[in-house]
Amino acid sequence: MNPRIRKPRKSKPAVKAEINLVKLIDQFGSDEKCRARLTELRWPDGVQCPRCQSKSVSTVFGRDQYDCNSCRYQFSVTSGTIFHDTHLSLTKWFLAVYLMTESKKGMSALQIKRTLDIAYQTAWHLCHRIRAALRDANCALLRGVVEVDETYVGGKTVGMGHGYKGNKAIAIGAVQRGGKIRLQVIQNASKEVLHKFIADNTAPDTEAIYTDQLPAYIGIADEDTKHESVNHSAEEWVRGDVHTNGVESVWSLLKRSIVGAFHHVSMKHLDAYLDELEHRFNNRSNEFIFRDTLTKLVRASKLPYSELVKAA
């Protein structure tokens, strides 16, 4: 065989999604249908009062509300959730969720504004409410072989050289090979910060942690976990099984998203964009990603606009 001729790469079988845009419009083309779906997701075992947890409730017909027979609290399926007090139709909420979860590089608030024909401020608030609900607070620890790497996010500064990082934020990521990712904004790339991130996100019996040659990573190995690194400054990218190509592909996707979709990302809200990317990546093989995302939204706590825009 001619060594210059490469065998074609075997493509992974495409994940058949539970829903597509045509089905979405057909199944959830009215607020009534959307409310019915959210009710199923929020209370799979029957409607329950969010204040006293009683299941003895009455329907308030004509107002899309329920009345608790125990504490007399009146509520709806959106009460206390990310949808709380929204003036936007649930149909447009469902469309926004679909567009954000199905777009590999994400979708900007400006594009959501144009697509849904809403005000930019409404679109911006909508997108950030969804991102807030996607934050995974109780995530399982990574194990097996884990790749860890940090990257700088930010644009150029006029008059400063290529190595200037004063205007950039630092993000760190860990990828379990064949598994999930964890992403986070950090204040600095010190040994203390990097080691804490690794300890918080990897299981004690992790088989191996692979990083680049940054000295701050030294010392993360223990009796259960080996640590090896590749020297990128010496043009070493892969040494046997040791590499960080997986986590670097995530950074490549993040930066293509910023350049191609968002164009500008506020450092104040970078963690929210990482939450969105993490959710989409971790559900890349999940055919029910739309349903699971809606479940997160209807079970997440409300996020007032004042909380969203306050100083970080």
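Residues numbered from 1 in each chain as written. Predicted model: local features only at pLDDT ≥ 70, side-chain atom pairs only at ≥ 80, totals over all residues. Heavy atoms only, no water.

1. Considering the environment of tyrosine 98
And step 1. With respect to the secondary-structure elements, tyrosine 98 resides in helix H3 (residues 90-102).
And step 2. Relative accessible area serves as the criterion here: at 11%, tyrosine 98 is assigned to the buried category.
And step 3. Separated by 193 residues in the primary sequence, tyrosine 98 and arginine 291 have C-alpha atoms spaced 9.5 Å apart.
And step 4. The contacts of tyrosine 98, once residues within four sequence positions are left out, are Ile19, Asn20, Leu21, Leu24 and Phe290. (Helix = DSSP H or I, 4+ residues; strand = E, 2+ residues; numbered from the N terminus. Buried < 20%, exposed > 50% of the residue type's maximum accessible area, 1.4 Å probe, protein only. Contact = heavy atoms within 4.5 Å.)

2. Some remarks on the packing of aromatic side chains
And step 1. In the structure shown here, the tally under the stated rule is 10 aromatic pairs.
And step 2. The interplanar angle of 15° and the centroid separation of 5.9 Å between the aromatic rings of tyrosine 73 and phenylalanine 75 together place this pair among those described as stacked.
And step 3. Members of the aromatic cluster, joined through ring pairs, are Phe28, Phe94, Tyr98 and Phe290. (Phe/Tyr/Trp six-rings, centres within 6.5 Å; stacked < 30°, edge-to-face > 60°.)

3. A word on the sheet that holds strand S1 (residues 57-60)
And step 1. Sheet architecture is open: three strands sit in the order S1-S2-S3, paired in antiparallel fashion. Looking at the sheet topology across the chains shown, the edges are occupied by S1 and strand S3 (74-75).
And step 2. In terms of strand pairing, S1 meets strand S2 (residues 65-68) through four bridges, oriented antiparallel. Counted as the bridge partner of threonine 59 is tyrosine 66 from S2. (Pairing = 2+ DSSP bridges.)

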